[in-house]
Amino acid sequence: MPALFFKKMRNFIAFCRPDVYNFDMCKLDSRFWQKFFIMLFGIFFMGFFLSFLRCCGWGTDPCTFQNDSIRLRIGISLGTWQLILNAAMFALVVILNRTLIGAGTVANWILIGYTADFFNALWAKSIPDAVFFAAEYLPLKIAIFALAIAGMAVSAAFYMNSDMGLAPYDALCVIVSKKLPRVPFFAVRICWDMTAIVVGILFSWGFRDFRTSLIGSFIMAFALGPIIQAIGAFMKIHIFKK
């Protein structure tokens, strides 16, 4: 069954982007593989750094804050909830702009949540709780949080600028941005992320203390757009130059 699912998904991606994904290994040049591995690098480290943000408890990226709030309310894992929600958003992307779909869409859809869940389970067994909760470890916790925020933002920028397809959440933001050509992308991204934070607050209200969780979410909401644009410009000049 898994093999059949991925075969059908591969064929669907090729249908959406025949100019990029013909999946003939003899025709895929080095530029394709370069972008493919940059995309995987970004997605893996997004899940890795996300696990540390969740351990710190001071907030994650807005999308994860929203999804963590919803999945805690209904009682399932982050990976499973993101799989369900992304399926619904994926359908909208197919209808509105299927050219934004690619290998990165599927990788983000499936991998980030479960990667974060895996590392969180690993940290629970290998890192003492005191590191994240005891007052004497506060300087270390601040350092971990700062590095995780920076790593998450940079990883997201690499993944989004690899041009291998966007996660449904990111793709819908791009679709909205293209409908508003006079508004800079970073401004649209900030508004998009702020909306996710509001949804997260609504699902957390009266259920858990979300106040400290807003620190990282607000930082990411205002930082992601500019960082994605800056790293995108750098990649075009230094990595994807012809």
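Computed from a predicted model, the values in this text were never measured in an experiment.

A. Here's a closer look at the overall build of the chain. Tallying secondary structure elements over the chain gives 10 helices and zero strands in all. What you see in the chain, going N to C, is helices and strands ordered as α-α-α-α-α-α-α-α-α-α. Per-residue burial for the chain yields a buried fraction of 50% across its 242 residues. Residue pairs at least 24 apart in sequence account for 78% of intrachain contacts in the chain once pairs closer than 6 positions are excluded. Only carbon and sulfur atoms are counted for the fraction: they give 72% of the accessible area of the chain, which is about 12,400 Å².

B. View of the side chain of Lys-141. Positionally, Lys-141 belongs in helix H7 (residues 138-161). One buried charged residue, Lys-141, remains without a salt bridge, the closest side chain of opposite sign being Asp-129 at 11 Å. Not counting the four nearest positions on each side in its chain, Lys-141 is found in contact with Cys-56, Trp-58, Val-131 and Phe-132.

C. Structural view of the nonpolar core. Membership of the largest hydrophobic core comes to 62 residues, with the highest contact counts inside it found for Met-39, Phe-52, Leu-100, Phe-132, Met-152, Tyr-159 and Leu-166. In terms of residue count, helix H2 (residues 30-56) provides more of this core than any other element does, 12 residues in total. Every residue in contact with Phe-132, bar those within four places of it in the chain, is listed here: Phe-52, Cys-55, Cys-56, Ile-127, Lys-141 and Ile-144.

D. How the structure looks around the pattern of salt bridges. Summed over the entire model, instances satisfying the criterion amount to six salt bridges. Among the ionic pairs, Asp-117 bridges to Arg-54, the shortest N-O distance being 3.1 Å. You can see Asp-117 sitting in helix H5 (residues 103-126) and its partner Arg-54 sitting in helix H2, a full 63 residues away along the chain. We classify Arg-54 as buried; its relative accessible area is 18%. One salt bridge connects Arg-189 with Asp-170, and the closest N-O pair in it is separated by 2.7 Å. In this pair, Arg-189 sits in helix H9 (residues 185-204) while Asp-170 sits in helix H8 (residues 168-179), placing the two residues 19 residues apart along the sequence. The exposure class assigned to Arg-189 is buried, which follows from its relative accessible area of 4%. With relative accessibility at 5%, the residue Asp-170 sits in the buried group.

E. Representation of H7. In a regular helix each residue adds 1.5 Å, so 24 residues correspond to 34 Å; H7 covers 35 Å between its end C-alpha atoms and thus fits that length. Positive backbone phi, at 60°, marks Asp-163, one or two positions downstream of H7.

F. Local environment of the packing of aromatic side chains. Enumeration over the complete set of coordinates arrives at 21 aromatic pairs. On the basis of an interplanar angle of 50° and a centroid distance of 4.9 Å, the ring pair of Phe-41 and Phe-45 is categorised as tilted. One end of the pair, Phe-41, and the other, Phe-45, are both in helix H2, four residues apart, so they sit about a helical turn from each other. A connected cluster of aromatic rings, assembled from ring pairs, spans Phe-41, Phe-44, Phe-45, Phe-48, Phe-49, Phe-52, Phe-118, Phe-119, Trp-123 and Phe-158.

G. The side chain of Thr-60, seen in detail. Residue position: Thr-60 is located in the loop between H2 and helix H3 (62-74). Among the polar contacts listed, one links the side chain of Thr-60 to the backbone nitrogen of Phe-65, at a separation of 3.0 Å. Once residues within four sequence positions are removed from consideration, Thr-60 is found in contact with Leu-50, Leu-53, Arg-54, Phe-65, Ser-213, Gly-216, Ser-217 and Met-220.

H. Representation of H5 within the structure. For H5, with 24 residues, the first-to-last C-alpha span of 33 Å sits near the 34 Å given by 1.5 Å per residue. Approximately 35° is the largest bend angle found in H5, and it occurs at Leu-111.

I. Structural context of the environment of Ile-74. Position of Ile-74 relative to the elements: it lies in helix H3. By relative accessible area, which is 46% here, Ile-74 ends up partly exposed.

Calculation rules
- Just so you know, the residues in each chain are numbered from 1, in the order the chain's sequence is written.
- With the structure being a predicted model, the display of local features is reserved for residues of pLDDT at least 70 and the display and counting of side-chain atom pairs for 80 or more, all residues being used for whole-chain, interface and lining totals.
- Excluding hydrogens and water, the side-chain figures rest on all heavy atoms present in the structure.
- The secondary structure listing takes helices from DSSP runs of H or I that are at least 4 residues long and strands from runs of E that are at least 2 residues long, numbered from the N terminus.
- Burial here depends on accessible area, computed with a 1.4 Å probe over protein chains only, as a share of the maximum for the residue type. Under 20% is buried, over 50% is exposed, and the range in between is partly exposed.
- Two residues form a contact once any of their heavy atoms are found within 4.5 Å.
- We get accessible surface area from the Shrake-Rupley algorithm with a probe of 1.4 Å; when it comes to residues, only the shown protein chains can shield them.
- In this tally Asp and Glu are treated as negative and Lys and Arg as positive; neither His nor the chain ends contributes.
- In the sections that follow, a salt bridge refers to a side-chain nitrogen of Lys or Arg positioned within 4 Å of a carboxyl oxygen of Asp or Glu.
- Here the nonpolar core consists of buried residues drawn from Ala, Val, Leu, Ile, Met, Phe, Trp, Tyr and Cys, with membership extended through side-chain atoms lying within 4.5 Å.
- Working rule for helices: expected span equals 1.5 Å times residues minus one.
- In this scheme Phe, Tyr and Trp rings, the latter by its six-membered ring, pair at centre separations within 6.5 Å, and the angle between planes marks the pair as stacked below 30 degrees, edge-to-face above 60, and tilted otherwise.
- Polar contacts, as used here, are pairs of N or O atoms within 3.5 Å; protein pairs need one atom able to donate a hydrogen and one able to accept it. Residues neighboring in sequence count only if both atoms are side-chain atoms.
- Here the bend at a residue is taken as the angle between two axes, fitted respectively to the seven residues that end there and the seven that start there.

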